[in-house]
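Per-entry structural report
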Amino acid sequence: MGGHARGIGVATVVPSPFATKYEFVRRYQADMLASGFKEFSLPSLEGYLDAAVLAEGLRRAGPSPTRASVIAGLERIESYDLGGVKINFGHGNREGNQFVDVAVIGADGRLIS
């Protein structure tokens, strides 16, 4: 859409990958740069969040994780603060991320939040 996208607002389930007011985003940027990636994006930030939550679920599953123990480990994640993004699962709750932000597409095509 090029310049025609400027001013469009979108809802996001993760902070902007440029919103360094969040500790989580600062860690993401540092890890991306350390890995040689210089372009930040919403999809990669969301994947980074997913990986962090899965790693915590695996940690809580114990030394010999099974499908059942990983599910149980994820269900024990409550009020888990990743640095500005809180994750809350529980028995039967599969929507752990309650974060919602509104971003606007700027003149250069980047999201402004």
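The preceding data block contains the structure.
Residues numbered from 1 in each chain as written. Predicted model: local features only at pLDDT ≥ 70, side-chain atom pairs only at ≥ 80, totals over all residues. Heavy atoms only, no water.

Let's talk about helix 3 (residues 67-75)
When we look at burial in helix 3, the residues that qualify are Ser69, Val70, Gly73 and Glu75. Contacts made by the buried residues of helix 3 are with helix 2 (42-61). (Buried < 20%, exposed > 50% of the residue type's maximum accessible area, 1.4 Å probe, protein only. Helix = DSSP H or I, 4+ residues; strand = E, 2+ residues; numbered from the N terminus. Contact = heavy atoms within 4.5 Å.)

Quick look at a nonpolar patch on the surface
Together, Met1, Ile8 and Val10 make up an exposed nonpolar region whose accessible area comes to about 270 Å². Position of Met1 relative to the elements: it lies in the segment before strand 1 (9-12). Relative accessible area serves as the criterion here: at 71%, Met1 is assigned to the exposed category. (Patch = residues over 30% accessible without salt bridge, like charges linked within 9 Å, V, L, I, M, F, W, Y side chains within 5 Å. Areas by Shrake-Rupley, 256 points an atom, 1.4 Å probe, with all protein chains shown as cover. Salt bridge = Lys/Arg side-chain N within 4 Å of Asp/Glu carboxyl O.)

Some points on the nonpolar core
Within the largest apolar cluster, 17 residues are counted, with the highest numbers of intra-cluster contacts made by Phe24, Leu45, Leu49, Val53, Leu82, Val85 and Ile87. Sorting the residues of this core by element identifies helix 1 (23-34) and helix 2 as the ones contributing at least two each. Non-local contacts of Leu45, meaning those with residues more than four positions away in its chain, are made with Val14, Pro15, Ser16, Pro17, Phe24, Val25 and Tyr28. (Core = buried A, V, L, I, M, F, W, Y, C linked by side-chain atoms within 4.5 Å.)

Observations regarding the packing of helix 2 against helix 3
For any two helices packed against each other, the geometry is given by the interaxial angle and the distance between the axes. Here helix 2 crosses helix 3 at 115°, and the two axes come no closer than 7 Å. Here helix 2 lies roughly perpendicular to helix 3, going by the angle between them. As helix 2 packs across helix 3, the resulting crossing turns out to be right-handed. Residues Val53, Leu54, Gly57, Leu58, Arg60 and Ala61 of helix 2 lie in contact with helix 3, whose contacting residues are Ser69, Val70, Gly73 and Leu74. (Axes fitted to C-alpha atoms, helices over the stretch in contact; angles between N-to-C directions. Parallel < 35°, antiparallel > 145°, perpendicular 65-115°, else oblique. Left-handed = near helix turned anticlockwise from the far one by under 90°.)

So, the sheet that holds strand 1
Here we have three strands laid out as an open sheet, ordered 1-4-5, and antiparallel in their pairing. Bordering the open sheet on either side are strand 1 and strand 5 (111-112), each of which pairs with just one other strand. For strand 1 and strand 4 (residues 101-105), the ladder comprises four bridges, and the chain directions are antiparallel. Along strand 4, the bridge assignment pairs Ala11 with Val102. (Pairing = 2+ DSSP bridges.)

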